[in-house]
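# What the coordinates show
Chain by chain, the residues run as shown.
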Amino acid sequence: MNETISLISRYREALLEGALKSIELAAIAWAGGLILGTLLGVWRASQSRGTRRSGITLFSAAASSIPVMVYLLWCHYPLQATLGISLPPFFTAAAVFTFYNAITIGEVVRGAVEDLPVAFTMAAKITGVPRGVYVRHIMVPLALRAALPSYLVSQVGVLHMTLFASLISVDELFRVVQRINAIEYNAVGVYSLLALFYFVLSFPLLFFARLANERLAKLGLDR
């Protein structure tokens, strides 16, 4: 314990900067992924079955089959060289994580929308509720509510994903911890700090996901 406190005291500024960089990356991916993923999921659920299977479904399946680390390295090195551009590593990482998260959330939202009782759609049609009003005020809120547990769990994965940004020289927490370990030669103490950081941020999300799942189960809205 004293050793851990000593490490934090000596490297608090570097650790804080790395932690904030990791949180910033995750926040961008969370926000961008939620917006794009929700739109993608609602759009996919509104398409015909044949269209979903033949088009965007295959694209999503193919995109999800490739590890995010491969996307990150490919977008940072060969893609930018081919396009003749050079973006800061942080922007590249944020864009890749957002894209990957949007695909994940799109699947979660699509499943939640398709699992909504048909009676909701029928009631809206019978009562003459406009399609746009139904989507914005009924379908999307109910789908997001049902998708909340799966969404929270997937966002923990996004937080963990940020450590891959160190591969393209983003000074997030994992890269900072590696530098500290190279100085201290204390892998147990240094990486314990890294584990503690991810635990403190991840456990509440997983805990609330479990509570939300239990709540939805009682309401009969769980998947």
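Since the model is a prediction, treat every value here as computed from it, not as a measurement.

Moving on, we get to the side chain of N181. With respect to the secondary-structure elements, N181 resides in helix α10 (residues 173–184). The buried category is assigned to N181, whose relative accessible area is 17%. At 3.0 Å, the side chain of N181 and the backbone nitrogen of A187 are in polar contact. In this structure N181 touches N186, A187, V190 and Y191, once residues within four positions along its chain are discounted.

Here we come to the environment of P141. Relative to the elements of secondary structure, P141 occurs in helix α9 (residues 131–161). For the pair formed by P141 and A63, sequence separation is 78 residues and the distance between their alpha carbons is 27 Å. Those residues in contact with P141 that sit more than four places away from it in its chain are V135 and R136.

The next point concerns α9. For α9, built from 31 residues, the straight-helix expectation of 45 Å at 1.5 Å per residue is missed by more than 12%, its first-to-last C-alpha distance being only 37 Å. The largest bend in α9 is about 55°, located at L148, with the proline P149 one to four residues further on.

Moving on: the packing of aromatic side chains. Enumeration over the complete set of coordinates arrives at seven aromatic pairs. A ring pair is formed by F199 and F203, whose centres lie 5.3 Å apart and whose planes are at 25°; its orientation type is stacked. Here F199 pairs with F203, and both are found in helix α11 (residues 187–219), just four residues apart, close to one helical turn. Consider the rings of F203 and F207, whose centres lie 6.2 Å apart with planes at 20°: the pair is stacked. Highlighted residues: F203 and F207, both in helix α11, separated by four residues, approximately one helical turn. With a relative accessible area of 42%, F207 lands in the partly exposed category. Members of the aromatic cluster, connected to one another through ring pairs, are F199, F203, F207 and F208.

Below, the discussion takes up a nonpolar patch on the surface. A contiguous nonpolar patch, built from L196, F199, V200, F203, F207, F208 and L211 and spanning about 700 Å² of accessible area, is present on the exposed surface. Inspection of the secondary structure assignment puts L196 in helix α11. Judged by its relative accessible area of 46%, L196 falls in the partly exposed class.

Right, let's talk about the packing of helix α5 (residues 68–76) against helix α7 (residues 89–114) for a bit. Where α5 contacts α7, the two axes come as close as 10 Å, and the packing angle between them is 140°. With respect to their mutual orientation, α5 and α7 come out oblique. The way α5 lies across α7 gives a crossing that is right-handed. Residue-level inspection shows V68, Y71, L72, C75 and H76 of α5 in contact with α7, the latter providing P89, T92, A93, V96, F97, F99 and Y100. Looking at the contact of α5 with α7, its residues break down into 10 nonpolar, two polar and no charged.

It is worth spelling out the side chain of S166 at this point. Mapped onto the elements of the fold, S166 is located in the loop between α9 and α10. What makes S166 buried here is its relative accessible area of 9%. When sequence neighbours within four positions are dropped, the list of residues in contact with S166 reads E172, F174, R175 and Q178.

Basis of the calculations
- Residues numbered from 1 in each chain as written.
- Predicted model: local features only at pLDDT ≥ 70, side-chain atom pairs only at ≥ 80, totals over all residues.
- Heavy atoms only, no water.
- Helix = DSSP H or I, 4+ residues; strand = E, 2+ residues; numbered from the N terminus.
- Buried < 20%, exposed > 50% of the residue type's maximum accessible area, 1.4 Å probe, protein only.
- Polar contact = N/O pair within 3.5 Å; in protein donor to acceptor, adjacent residues only side chain to side chain.
- Contact = heavy atoms within 4.5 Å.
- Expected span 1.5 Å × (residues − 1).
- Bend = angle between axes of the 7 residues up to and from the residue.
- Phe/Tyr/Trp six-rings, centres within 6.5 Å; stacked < 30°, edge-to-face > 60°.
- Patch = residues over 30% accessible without salt bridge, like charges linked within 9 Å, V, L, I, M, F, W, Y side chains within 5 Å.
- Areas by Shrake-Rupley, 256 points an atom, 1.4 Å probe, with all protein chains shown as cover.
- Salt bridge = Lys/Arg side-chain N within 4 Å of Asp/Glu carboxyl O.
- Axes fitted to C-alpha atoms, helices over the stretch in contact; angles between N-to-C directions.
- Parallel < 35°, antiparallel > 145°, perpendicular 65-115°, else oblique.
- Left-handed = near helix turned anticlockwise from the far one by under 90°.
- Nonpolar A, V, L, I, M, F, W, Y, C, P; charged D, E, K, R; others polar.

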